[in-house]
Amino acid sequence: MSDQPKKKLDLSRRDMPKQAPEVRRQNFDEVPLGYPEATAIAEAVRCLQCKKPLCVPLCPVEIDIPGFIKGIAENDFAGGVRVLKDKNLLPAVCGRVCPQEEQCEKGCILHKKGAPVAIGRLERFLADWEATQGEPEIPAMPAKTGKKVAVVGGGPAGLTVAGDLIKLGHDVTIFEALHEMGGVLIYGIPEFRLPKAIVKREVDYLQKLGVEIKTDFVVGKTRTVESLLKEYDAIFVGSGAGLPWFMQIPGENLNGVYSANEYLTRMNLMKGYLFPQFDTPIKNHQRVAVIGGGNVAMDCARTALRLGAEEVQIIYRRSRQEMPAREEEIENAEEEGVIFNYLTLPLRYIGDENGWVKQIECLKMELGEPDASGRRRPVPIENSNYIIPMDAVVCAIGNSPNPLIPETTPGLEVGKWGNIKADEQTGKTSLDRVWAGGDVVSGAATVILAMGAGRIAARSIHEYLTSS
Amino acid sequence: MFNVIESNMIVPNLHLLTLEAPEIVPEIQPGQFVILRAEQDGERIPLSISDWDLEAGTLSVIFMNVGVTTGKLAALKPGMQIPTVVGPLGIKTEIENFGTVLCVGGCYGIGSIFPIARALKELGNRVISVIEARSNYLFYWEDKLKQVSDQLLYITRDGTKGYKGHVRRLPQIIQSVGSKVDRVIVNGCSLLVKLSSDVTRPLEIKTIVSLAPIMIDGTGMCGVCRVSLGETTRFACVHGPDFDGHEVNWEELAQRRKMYFNEESVPLQTSRCEEHAEKILAEHLNLE
């Protein structure tokens, strides 16, 4: 680099076109539209191609970021795809839902200048470009090892493990409890943020690589882990989310009070927005409150708007600054007209004579001293109670790990939240030949962290399978 | 895809469906359920398992045709396929040697109480099976139940067989049994299981009921099936479907079951003639 003439830094991070807020709140189509080719190239050229890139170590799945960006910059999109897919099997997904601002883009040298390279948008661009090129390229596959791996759960962690291990020559079968593959990518994340056709494409790709898929199969019920161990050399458990949390306040079982999981599953997996063409109904409530401040809360609020709600309010007990949702998602929700009630705590839900929620009693909060998480603790303001009329509430405050496998697998150690205990460096559980990762280990986290855990476990499983 | 082996209307509006599900069958225990989808765009509904055949790898469910999905299931013929059968889900019914057990079934519960009675009998219990219906022509599986019961008793609302009335007659039946009844287990519609629990409460006999709230995934993820037992909330799909009938908040359960009452008839109106939808709605209202 030093020999070359110094290039003037391009600090203009390219925006990605989006559907206009007044349009998109009327439809379920994807909100950001992706970079046009010329914009992608212009953005890619901004990458300094650092010799020791600081973005890569921040990527949970260790993508060669400058490598794939170089492909775009040099108009070699196929080459870029190859580099990208070498480490990431779900680039079209990650390009959309990864919190890049907290990960790779934070490490970008240009971040210090306030204009990090838009790594996520470029990742998405390449993945979407590939989808327009007909059948995806199938990499050269190694000879079969004859080892068999069972993957429990077809979500981001399981898909990553399956992809990594099939490419190393092992036989892989994914067992999925629901009738469609993808886990949270299918039942949780809405169409307008992650089109389901993309998930399907990525799953199809795994099948083309030889991964066997069994849907409608609940490990822990249809067959136990113990029984699978007789047939498979190794098992990875990525069974994901379990029981949704509620706040344990009065009125939570009134009609019209949903967990985020229920609301989103009706909407996404069961296609409630296409009712009655699809049989599963979802209510078109007029005034909807969403409790919580994470990405899931934003998804629920924006879903409610698209279902025709006149008013959607986020109720969050801290302030905007502490909100865990991605900035981009908060902005999208704000643009679409979601009302944010910060420093507000729901106390109880009040029902009508038919058992439907009609009001929420709330309490105002103020920020006090920082708590264990480092965020300022919200403290109630006395006598600040007030009541707001509402005809639905979606509780988006998280969930515990899925209990089915811990409950049916003797000897599998769990933590105090019911999460499976797994070694951070290897994903190994307390049971021989059983690995675990994703939300069932970490509690509710992000897609990319689950994929990162899958990558770590796959490496350890491969070591085990090839050494024994 | 799962093969339909048998599909019959066994009594008016109650259907028996036998499905090939060789991976599920070996794991089934009495009191468990499966979730089915009738077609690709279909909803997921839970149905209690009424019997199974290990050798053939088949399981049977019995259901009343009350809505969109049950209508589609009822229309199936042998040789056809459905996309989803998943299970066995839920926790099995607690089966021990309790002594004398009253197994009460109504509607589809006449079927789903059968494997429970069989398992209780195998463990040496004195099993008194009590089945309830509007009229005598609505009974089925009487021979099967006789084989696993010390006594089979009937209640009909019109008095055409056995006791006349409703499960409110259970205390008289319990008295007539001659010995102490150690446990009552009830399968059937919400009204039947609620009324049974109401009448056994003063008698202080432990009463286990199988509940059927609305479910989606059936694996503990969505939480729509929550049921209040005193101060605690439980999820019927993973903590149930069996609960102590004396602890269940019945009013809430009834309200929650009605949540999509209006929507449930919409696909019927859009995909079939309106008379048919109205007929089904009317039947539904009769049941309430």
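Treat the numbers as computed from the prediction; the structure is a model and nothing was measured.

### A closer look at the overall build of chain B
Working step 1: For chain B, the helix and strand inventory stands at ten helices and 16 strands.
Working step 2: A globule of 288 residues ought to have a C-alpha radius of gyration of about 19 Å, and chain B, at 18 Å, matches this closely.
Working step 3: Overall, chain B is about 55 × 40 × 40 Å in size when its C-alpha atoms are taken along their principal axes.
Working step 4: Taken across its 288 residues, chain B has 60% of its residues classed as buried.
Working step 5: Considering only contacts within chain B whose residues lie at least 6 apart along the sequence, 65% involve residues at least 24 apart.
Working step 6: Surface summary for chain B: the accessible area is close to 11,400 Å², and the carbon and sulfur share equals 49%.
Working step 7: Side chains of chain B give 28 positive and 35 negative charges; the mean places of these two sets differ by 5 Å.

### Points about the packing of helix H5 (residues 190-200) of chain B against helix H7 (residues 250-257) of chain B
All names here are of chain B.
Working step 1: One can describe the packing of H5 onto H7 by two numbers: an axis separation of 11 Å at closest approach and a directional angle of 180 degrees. Taken together, the axes of H5 and H7 are roughly antiparallel relative to one another. Of H7, the residues touching H5 (which contributes Ser190, Val193, Lys194 and Ser197) are Trp250, Leu253 and Arg257.
Working step 2: Here the contact of H5 with H7 is built from residues that sort into three nonpolar, two polar and two charged.

### What to know about empty space enclosed by the protein
All names here are of chain A.
Working step 1: For the structure on display, the rule yields two cavities of 30 Å³ or more.
Working step 2: One number sums up the size of the largest cavity: a volume of about 130 Å³.
Working step 3: Cys47, Cys50, Cys55, Cys108 and Ile109 are the residues nearest the centre of the largest cavity, which is lined by 16 residues in total.
Working step 4: Tallying contributions element by element places helix H3 (residues 65-73) first for the lining of the largest cavity, with three residues.
Working step 5: In the lining of the largest cavity, the residues fall into 14 nonpolar, two polar and no charged.

### Things to note about the environment of Ile49(B)
Residue and element names in this part refer to chain B.
Working step 1: Along the polypeptide, isoleucine 49 turns up in strand S4 (residues 45-53).
Working step 2: Residue isoleucine 49 is classed as buried on the basis of its relative accessible area, which comes to 2%.
Working step 3: The spacing of isoleucine 49 and phenylalanine 33 is 16 residues in sequence and 5.1 Å in space, taken between C-alpha atoms.
Working step 4: Those residues in contact with isoleucine 49 that sit more than four places away from it in its chain are Ile28, Gln32, Phe33, Val34, Leu59, Ser60, Val61, Pro88, Ser112 and Pro115.

### A look at the sheet that holds S4(B)
All names here are of chain B.
Working step 1: Strands sit in the order S6-S1-S2-S5-S4-S3-S7 across an open sheet of seven strands; the sheet is antiparallel. Only two strands of the sheet have a single partner each, and these edge strands are strand S6 (81-82) and strand S7 (84-89).
Working step 2: Sheet topology places strand S1 (residues 2-11) next to strand S2 (residues 14-20); six bridges connect them, and they run antiparallel. Bridged to asparagine 8 within S2 is leucine 16.

### Considering the domain arrangement of chain B
Residue and element names in this part refer to chain B.
Working step 1: Here the domain parsing of chain B yields domain 1 (2-89), domain 2 (100-210) and domain 3 (261-288).
Working step 2: When each unit is reduced to the centre of its C-alpha atoms, the spacing between domain 1 and domain 2 is 24 Å.
Working step 3: Of the residues lining the interface, 15 residues belong to domain 1; the matching set on domain 2 comes to 15 residues.
Working step 4: Of the roughly 1,200 Å² buried at the junction of domain 1 and domain 2 (both faces included), carbon and sulfur atoms supply 70%.
Working step 5: The largest share of the area that domain 1 buries against domain 2 comes from Ser50, Asp51 and Ile62, three residues that together contribute 33% of it.
Working step 6: Inspection of the region where domain 1 meets domain 2 yields two salt bridges.

### Here's the deal with the pairing of strand S12 (residues 183-187) of chain B
As a general feature of sheets, a regular strand has side chains that alternate between the two faces.
All names here are of chain B.
Working step 1: With five of five residues buried, S12 lies mostly within the body of the structure.
Working step 2: Burial along S12 is two-sided: Arg183, Ile185 and Asn187 and Val184 and Val186, pointing in opposite directions, are all buried.
Working step 3: Where S12 and strand S13 (residues 207-210) come together, three bridges link them in parallel fashion. Paired with isoleucine 185 across the strands is isoleucine 208, a residue of S13.
Working step 4: For the crossover from S12 across H5 to S13, the handedness is right-handed.

### As for the pattern of salt bridges
All names here are of chain A.
Working step 1: This model, assessed by the stated rule, comprises 47 salt bridges over all chains.
Working step 2: Linking arginine 124 and glutamate 30 is a salt bridge whose minimum nitrogen-to-oxygen distance equals 3.0 Å. Separated by 94 residues along the polypeptide, arginine 124 in helix H7 (residues 119-131) and glutamate 30 in the loop between helix H1 (21-24) and helix H2 (37-45) bring together distant segments of the chain.
Working step 3: Its salt-bridge partner being arginine 223, residue glutamate 231 comes within 2.9 Å of it at the nearest N-O pair.
Working step 4: When its relative accessible area of 37% is taken as the criterion, glutamate 231 is described as partly exposed.

### A closer look at H2(A)
Residue and element names in this part refer to chain A.
Working step 1: When H2 is considered as a whole, its buried residues turn out to be Ala40, Glu43 and Ala44. Buried residues along H2 cover an arc of 100 degrees about the axis, so they all sit on one side.
Working step 2: Packing partners of the buried residues in H2 comprise H3 and H7.

### Quick look at the packing of aromatic side chains
Working step 1: A complete count under the given rule lists twelve aromatic pairs over all chains for this structure.
Working step 2: Ring geometry for Phe77(A) against Trp129(A): centres 5.5 Å apart, planes inclined by 70 degrees, an arrangement best described as edge-to-face. Separated by 52 residues along the polypeptide, Phe77(A) in helix H4 (residues 77-87) and Trp129(A) in helix H7 bring together distant segments of the chain. For the pair Phe77(A) and Trp129(A), a shared accessibility class is recorded, and that class is buried.
Working step 3: Between Phe175(A) and Phe217(A), the ring centres sit 4.7 Å apart and the planes meet at 55 degrees, which makes this aromatic pair tilted. Placement of the pair is Phe175(A) in strand S2 (residues 171-175) and Phe217(A) in the loop between strand S3 (212-214) and helix H11 (225-231), with a sequence separation of 42 residues. Side by side, Phe175(A) and Phe217(A) carry an identical accessibility label, which is buried.
Working step 4: Here the aromatic residues Phe77(A), Phe125(A) and Trp129(A) are joined through ring pairs into a cluster of three or more.
Working step 5: Directly above the ring of Tyr205(A) sits Lys85(A), whose terminal nitrogen or CZ lies 3.8 Å from the centroid.
Working step 6: Over the ring of Trp141(B) we find Lys144(B), and its NZ or CZ is 3.8 Å from the ring centre.

### Here's the deal with the environment of Val338(A)
All names here are of chain A.
Working step 1: In this fold, valine 338 is placed in the loop between helix H14 (327-336) and strand S9 (339-341).
Working step 2: By relative accessible area, valine 338 is classed as buried at 6%.
Working step 3: The spacing of valine 338 and glutamate 212 is 126 residues in sequence and 42 Å in space, taken between C-alpha atoms.
Working step 4: The contact partners of valine 338, leaving out residues within four places of it in the chain, are Ala301, Leu305, Val312, Ile314 and Ala333.

Rules behind the numbers
- Residues numbered from 1 in each chain as written.
- Chains lettered and ligands numbered in written order.
- Predicted model: local features only at pLDDT ≥ 70, side-chain atom pairs only at ≥ 80, totals over all residues.
- Heavy atoms only, no water.
- Helix = DSSP H or I, 4+ residues; strand = E, 2+ residues; numbered from the N terminus.
- Rg over C-alpha atoms; globule rule 2.2 N^0.38 Å.
- Buried < 20%, exposed > 50% of the residue type's maximum accessible area, 1.4 Å probe, protein only.
- Contact = heavy atoms within 4.5 Å.
- Areas by Shrake-Rupley, 256 points an atom, 1.4 Å probe, with all protein chains shown as cover.
- Lys, Arg positive; Asp, Glu negative; His and termini not counted.
- Charge placed at Lys NZ, Arg CZ, Asp CG, Glu CD.
- Axes fitted to C-alpha atoms, helices over the stretch in contact; angles between N-to-C directions.
- Parallel < 35°, antiparallel > 145°, perpendicular 65-115°, else oblique.
- Nonpolar A, V, L, I, M, F, W, Y, C, P; charged D, E, K, R; others polar.
- 1 Å grid on protein atoms, 1.4 Å probe; cavity = no way out; pocket = protein on both sides within 12 Å on 5 of 7 lines; lining within 4 Å.
- Points joined across faces, edges and corners; volume = space filled by probe spheres on them.
- Pairing = 2+ DSSP bridges.
- Domains from an automatic or database assignment.
- Buried area = accessible area lost by both parts, 1.4 Å probe.
- Salt bridge = Lys/Arg side-chain N within 4 Å of Asp/Glu carboxyl O.
- Right-handed = clockwise from strand over helix to strand, strands pointing away.
- Arc of directions from axis to C-beta.
- Phe/Tyr/Trp six-rings, centres within 6.5 Å; stacked < 30°, edge-to-face > 60°.
- Lys NZ or Arg CZ within 6 Å of the ring centre and 35° of its normal.

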